[in-house]
Amino acid sequence: MSAEELIRPKARILLIEDEEKLAETLADYLGMNEYQVVCAFTGDRGLELFYDRMHELDLILLDIMLPDISGTEILKEIRKRSRVPVIMVTARDSVRDQLQNFENGADDYLTKPYVLSVVKAHIEAVLKRTGKLQEQIEAGGILLQPQSRKVFCGGKEIGLTPREYDVLEYLICNKKRIQKREMLLEELWGYHYVGDSRTVDTIIKQLRRKLGEYGSCIKSVYGVGYLFEDRSDQD
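In this report, we go over the structure that sits alongside the text. Bear in mind that the values here come from a model prediction, so they are computed numbers and not experimental data.

Reading guide: rules and limits
- Residues numbered from 1 in each chain as written.
- Predicted model: local features only at pLDDT ≥ 70, side-chain atom pairs only at ≥ 80, totals over all residues.
- Heavy atoms only, no water.
- Axes fitted to C-alpha atoms, helices over the stretch in contact; angles between N-to-C directions.
- Helix = DSSP H or I, 4+ residues; strand = E, 2+ residues; numbered from the N terminus.
- Parallel < 35°, antiparallel > 145°, perpendicular 65-115°, else oblique.
- Contact = heavy atoms within 4.5 Å.
- Nonpolar A, V, L, I, M, F, W, Y, C, P; charged D, E, K, R; others polar.
- Pairing = 2+ DSSP bridges.
- Buried < 20%, exposed > 50% of the residue type's maximum accessible area, 1.4 Å probe, protein only.
- Core = buried A, V, L, I, M, F, W, Y, C linked by side-chain atoms within 4.5 Å.

### Concerning the packing of helix 8 (residues 181-189) against helix 9 (residues 198-211)
Thinking step 1. One can describe the packing of helix 8 onto helix 9 by two numbers: an axis separation of 9 Å at closest approach and a directional angle of 85 degrees. One element, helix 8, and the other, helix 9, form an angle in the roughly perpendicular class. Two secondary-structure elements touch here, helix 8 through Arg181, Leu184, Leu185 and Trp189 and helix 9 through Thr199, Val200, Asp201 and Ile203.
Thinking step 2. Residue classes in the contact of helix 8 with helix 9 are distributed as five nonpolar, one polar and two charged.

In structure tokens form, the structure reads like this:
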């Protein structure tokens, strides 16, 4: 087990901000509060990091006014591939800008100048709302503890590989929503993963076997992908 797995951060954040001193100050502050932050100082670099790490990111802080690509355009690109929470940050406080970015899929909005503790509060509110800062996640008789990455079925702990855990957590956090195989590959394996949808099918097969009677919560959608459904909803 790696050191990163032993000490799991509260959340992994991508900060796309061209004011380097501000970005470093915010990253240091969030780091002291147990968040893992990776910084990008241009839009191009931000997108590159997003494509490489989309499967592990919990939230993106995205400045609108960047020197090369606008944050609004980056948000549109992110939403083509991921539902990761995005908080837009800008010095412009216009209602029109806010509405435009909410329509494009932003989860929250912050204006500069800001207080670091307020940024942290917004981050935690969004993470809690999207189920990414819970001490435990429970659905269909399955209990997940994200900090320790432990899984319990009917009160009994079961052993999953890191990839199996990632797939199960993603399906549960997006329950009742069909997840295409291609989307699961990009979200959990990364944009540059070389493989095909059979990889997802294999993981699902292993998960169902390990979950036993609870494996029925993972439904196949013929020709599309999978979704998680509580056993109580199946009655």
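### What to know about the pairing of strand 7 (residues 142-145)
Thinking step 1. Sheet topology places strand 6 (residues 137-139) next to strand 7; three bridges connect them, and they run antiparallel. Residue pairing for strand 7: Ala139 is matched across the bridge by Ile142.
Thinking step 2. The sheet contact formed by strand 7 and strand 8 (residues 150-153) spans four bridges and is antiparallel. Following the sheet pairing, Ile142 is matched in strand 8 by Cys153.
Thinking step 3. Two successive antiparallel strands, strand 7 and strand 8, enclose a turn made up of four residues, where Arg149 displays a positive phi of approximately 60 degrees.

### Points about the environment of Val151
Thinking step 1. On the secondary structure map, Val151 appears in strand 8.
Thinking step 2. Looking at Val151, the relative accessible area reads 1%, which means it is buried.
Thinking step 3. The spatial distance from the C-alpha of Val151 to the C-alpha of Tyr165 is 8.0 Å, given a sequence separation of 14 residues.
Thinking step 4. In contact with Val151, other than residues within four places in its own chain, are Ile142, Leu143, Leu144, Lys156, Glu157, Ile158, Leu160, Tyr165 and Leu168.

### Quick notes on the nonpolar core
Thinking step 1. Ile142, Leu168, Ile218 and Phe228 are the most contacted members of the largest nonpolar core, which totals 28 residues.
Thinking step 2. Breaking this core down by element, the ones donating at least two residues are strand 6, strand 7, strand 8, helix 7 (162-173), helix 8, helix 9 and strand 12 (225-228).
Thinking step 3. No other element matches helix 7, which puts six residues into this core.
Thinking step 4. What Leu168 contacts, discounting residues up to four positions off in sequence, is Ile142, Leu144, Val151, Leu160, Leu207, Leu211, Ile218 and Phe228.
Thinking step 5. Leu14, Val38, Phe50 and Val84 belong to the second-largest nonpolar core, a separate cluster that totals 22 residues.

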